[in-house]
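Architecture and fold: a report
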Amino acid sequence: MEPARGGCRVALAGEYPAPSVTLTFYNTLTRRPEPFTPAEPGKVRMYHCGPTVYRRPHVGNFRAFLFADLLRRVLERRGFEVQQVMNVTDVGHFTQEDEDRGEDRMEMESRLTGKDPWQISREITELFESDMARLRAKKPMVRPRATDHIPEMLQMVDTLLAKGVAYRAGAGGQNIYFSVNAFDRYGELSGNRVEALEAGARIEVNPEKKHPADFALWKSDPKHIMKWKSQFGEHGFPGWHIECSAMARKYLGDTLDIHTGGEDLVFPHHECEVAQSEAATGRTFVRTWMHVQFLKVDGGKMSKSLGNVYSIDDVVARGFEPRHLRFLLLRAHYRAPLNFTWDAMTDAKGAIDRLASFLWDVKSCVIKGAAPGVDEAIAKARAGFDAGLDDDLNTAAATAAIFELVTDVRAKAGAPMKLSRAQAEAISQLLDEFDAVFDILTPEPLSDVERTEVESLVAERQSARARADYARADEIRKILTEKRVIVEDSKDGVRWRRM
Ligand SMILES: [Zn+2]
């Protein structure tokens, strides 16, 4: 299948202002915050490890995937043109232990469910894409699937063999491994040393490997369902790490400005990507590595047995909208611990509602002279918001600055709110900028059921007015306001719309 294109804006020359603000990102490779500058001025090439499409992604997965969206929006806000790629792993995902057993996640799920792995991959990829859209993640420039890039992977394996950093093993040399001892910098990203990995290896290592940390680039197994004919034999399939190296190179070139993923991917996945890519190209693979901390659920790990592997549908079934989850996942700093609980979801929803009703009050305020102290509050909030986002995407600080503004303005502008036009516009502008990054203020469109309910309330209000029962009519208007529906009476009749 041709990978989906579109979504990522391609800038025309001169469309973006030259970035002048310094963004600071924590780089896993150097273990410190660094000022961010892309290799090519104004243009950022970034790659995110996407889902392995064997099971539906859960709330924990979305922490890392939404971070990718946040990062893109912060970069675009600062004027960069962003080329964003997030892959879909639909073959070859095995842990070291799986690798020695020769079973990848897709095949394992196929064995457990009796479904064809190709069918599993199609179904889960569709779910993933619709979940991401519901969570308002912008579409990346490309969402490449591993199975569409087998030739690129085989080509990279050939290069690695030719350079002597990989070797063939097994019957007929159909299994190909990367030799970690042939790459000096192996272990630099994760802090693992090759010698330590050897000492810590389990006794029953795969006897085909020269070193226990060597990893598969290409394997062969006639029992595998997803397999390809290649120069190495009839029944081959790729290792997990090689797919990201091959796809990143195809779409973004030899050197990426940023590569992200969950913290569990630092080792071995990303360490192996660095080894393969740099050994193949002789160039730096990634300039800035960013990793997102695990999401805890109810204070611990998610597990099927605890019944807490929540999908977006579970979240919606509890009466929340996907944007409430989006905010819960984004408002904590990505390198800070975050615990998913239903109370935390209620809290996130309450915070969004507070912000939305504040924005509503600002937009419908009484225009008067400038409220004293409000200009200072706006300036402080803007500075705090900008500084937070620019400082390694500290969304906690950026969000706090906005909520402080709510408190300050409510205290200083009275109720009903009285502001100067310039103040009301400056606040709206800042909240628009906030929402361009967080994207949480617009409610979901009404469902058919809600729409019918609103329409019957509007009709009931009409008949109450017709019989001059203004108390009831007012009551209904209040109920509609709580549902964020505005009723407008005009000479052409009654209309309603969402706030
Ligand atoms: Zn990856």
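Computed from a predicted model, the values in this text were never measured in an experiment.

This part covers the coordination of the zinc ion. Each protein donor to the zinc ion is listed here as Cys49 (SG), Cys244 (SG) and His269 (NE2); together their distances run 2.1 to 2.2 Å. Binding-site remark: the zinc ion is held by donors from one chain whose sequence spacing is C-x194-C-x24-H. Here the residue cysteine 49 occupies a position in the loop between strand 3 (43-48) and helix 1 (59-77), and cysteine 244 occupies one in helix 7 (residues 240-252), the gap between them amounting to 195 residues. Residue classification places cysteine 49 among the buried positions, given a relative accessible area of 7%.

All right, on to the pattern of salt bridges then. Per the counting criterion, the structure on display carries 43 salt bridges. For arginine 326, the salt bridge is made with aspartate 69, and the minimal N-O distance between the two is 2.9 Å. A residue pair is termed long-range when its members are at least 10 positions apart, and arginine 326 in helix 10 (residues 322-330) and aspartate 69 in helix 1 qualify at 257 residues. Comparing arginine 326 with aspartate 69, the two get one shared label, buried. A salt bridge links aspartate 254 to arginine 283, with the shortest nitrogen-to-oxygen separation between them at 2.4 Å. Taken together, the positions of aspartate 254 in the loop between helix 7 and strand 10 (256-262) and arginine 283 in the loop between helix 8 (266-281) and strand 11 (286-292) put the pair 29 residues apart, joining distant regions of the chain. By relative accessible area, which is 18% here, aspartate 254 ends up buried. Taking the relative accessible area as the measure of exposure, arginine 283 reaches 47% and is therefore partly exposed. Because the salt bridges share partners, they merge into one network encompassing Asp69, Arg73, Arg136, Arg326, Asp439 and Glu444.

This next bit is on the environment of arginine 484. Within the fold, arginine 484 resides in the loop between helix 16 (470-482) and strand 16 (485-490). In sequence terms arginine 484 and arginine 77 are 407 residues apart; their C-alpha atoms lie 29 Å from each other. With residues up to four places along the chain from it excluded, the contact list for arginine 484 reads Asp353, Ser357, Trp360, Arg497, Arg498 and Met499.

The next point concerns the side chain of arginine 63. Relative to the elements of secondary structure, arginine 63 occurs in helix 1. For arginine 63, which is buried and forms no salt bridge, the nearest opposite charge comes from glutamate 263, at a distance of 7.1 Å. Side-chain polar atoms of arginine 63 contact the backbone oxygen of phenylalanine 294, separated by 3.3 Å. Polar side-chain contacts of arginine 63 include one of 2.9 Å to the backbone oxygen of histidine 333. Excluding its chain neighbours within four sequence positions, the residues that come into contact with arginine 63 are Val292, Gln293, Phe294, Leu295, Leu329, Ala332, His333, Tyr334, Ala336, Pro337 and Leu338.

This next bit is on the packing of helix 5 (residues 150-162) against helix 7. Two measures define how a pair of helices packs: the angle their axes make with one another and the distance between the axes. Their axes nearest at 9 Å, the elements helix 5 and helix 7 cross at an angle of 105°. Taken together, helix 5 and helix 7 sit at an angle that is classed as roughly perpendicular. Here Glu152, Met153, Met156, Val157 and Leu160 of helix 5 lie close against helix 7, whose contacting residues are Ile242, Glu243, Ser245, Ala246, Arg249 and Lys250. Here the contact of helix 5 with helix 7 is built from residues that sort into six nonpolar, one polar and four charged.

We now examine the domain arrangement of the chain. Per the domain assignment, the segments of the chain are domain 1 (24-292), domain 2 (312-438) and domain 3 (448-498). Look at where the C-alpha atoms of domain 1 and domain 3 centre, and you get two points 55 Å apart.

With that settled, the discussion passes to the sheet that holds strand 7 (residues 215-220). In spatial order, the strands read 5-6-7-9-8; together these five strands make up an open sheet with antiparallel pairing. Sheet topology places strand 5 (166-169) and strand 8 (228-230) at the edges, where each strand pairs with a single neighbour. Taken over all neighbouring pairs, the strand axes of this sheet differ in orientation by 35° on average, direction set aside. Of the pairings in the sheet, the one linking strand 7 to strand 9 (residues 233-238) comprises three bridges and is antiparallel in character. The partner of serine 220 across the bridge, within strand 9, is glycine 236. Contacting strand 6 (175-178) and strand 7, helix 8 crosses the sheet at an angle of about 80° to strand 7.

The residue after phenylalanine 267, namely proline 268, is reached through a cis peptide bond having omega 0°. Secondary-structure assignment places proline 268 in helix 8. Cis geometry marks the peptide bond from alanine 415 to proline 416; its omega dihedral reads -5°. Mapped onto the elements, proline 416 comes out in the loop between helix 13 (395-413) and strand 15 (418-419). Its identity is not glycine, yet aspartate 298 carries a phi of approximately 50°, on the positive side.

Below, the discussion takes up the sheet that holds strand 4 (residues 81-86). Taken in spatial order, the four strands make up an open sheet running 4-3-10-11, and their pairing is parallel. Both outer strands of the open sheet, strand 4 and strand 11, are each paired with one neighbouring strand and no more. Across the sheet, the mean angle from the axis of one strand to that of its neighbour is 20°, orientation sign disregarded. Where strand 3 lies against strand 10, three bridges are found, and the strand directions are parallel.

Glancing now at the environment of isoleucine 352. In this structure, isoleucine 352 sits in helix 11 (residues 342-363). As a C-alpha pair, isoleucine 352 and leucine 441 span 89 residues in sequence and 6.7 Å in three-dimensional space.

Another point: the packing of aromatic side chains. Working definition: an aromatic ring pair is given by the centre-to-centre distance plus the angle between the planes. Taken as a whole and judged by the stated rule, the model has 20 aromatic pairs. Seen from their ring centres, phenylalanine 36 and phenylalanine 80 are 5.9 Å apart, and the 70° between their planes marks the pair as edge-to-face. With phenylalanine 36 in the loop between strand 2 (32-35) and strand 3 and phenylalanine 80 in the loop between helix 1 and strand 4, the pair connects residues that are 44 residues apart, well separated along the chain. A single burial state applies to phenylalanine 36 and to phenylalanine 80, both of which are buried. Linked through ring pairs, Phe178, Phe183, Tyr186, Phe215 and Phe267 together constitute an aromatic cluster. Here arginine 335 stacks its cationic end above the ring of tyrosine 26, 4.0 Å away from the centre of that ring. We note arginine 335 situated over the ring of tyrosine 334; from NZ or CZ to the ring centre the distance is 5.9 Å.

Scoring rules and cut-offs
Residues numbered from 1 in each chain as written. Predicted model: local features only at pLDDT ≥ 70, side-chain atom pairs only at ≥ 80, totals over all residues. Heavy atoms only, no water. Donors = N, O, S within 2.8 Å, 3.2 Å for Na, K, Ca; no water. Helix = DSSP H or I, 4+ residues; strand = E, 2+ residues; numbered from the N terminus. Buried < 20%, exposed > 50% of the residue type's maximum accessible area, 1.4 Å probe, protein only. Salt bridge = Lys/Arg side-chain N within 4 Å of Asp/Glu carboxyl O. Contact = heavy atoms within 4.5 Å. Lys, Arg positive; Asp, Glu negative; His and termini not counted. Polar contact = N/O pair within 3.5 Å; in protein donor to acceptor, adjacent residues only side chain to side chain. Axes fitted to C-alpha atoms, helices over the stretch in contact; angles between N-to-C directions. Parallel < 35°, antiparallel > 145°, perpendicular 65-115°, else oblique. Nonpolar A, V, L, I, M, F, W, Y, C, P; charged D, E, K, R; others polar. Domains from an automatic or database assignment. Pairing = 2+ DSSP bridges. Phe/Tyr/Trp six-rings, centres within 6.5 Å; stacked < 30°, edge-to-face > 60°. Lys NZ or Arg CZ within 6 Å of the ring centre and 35° of its normal.

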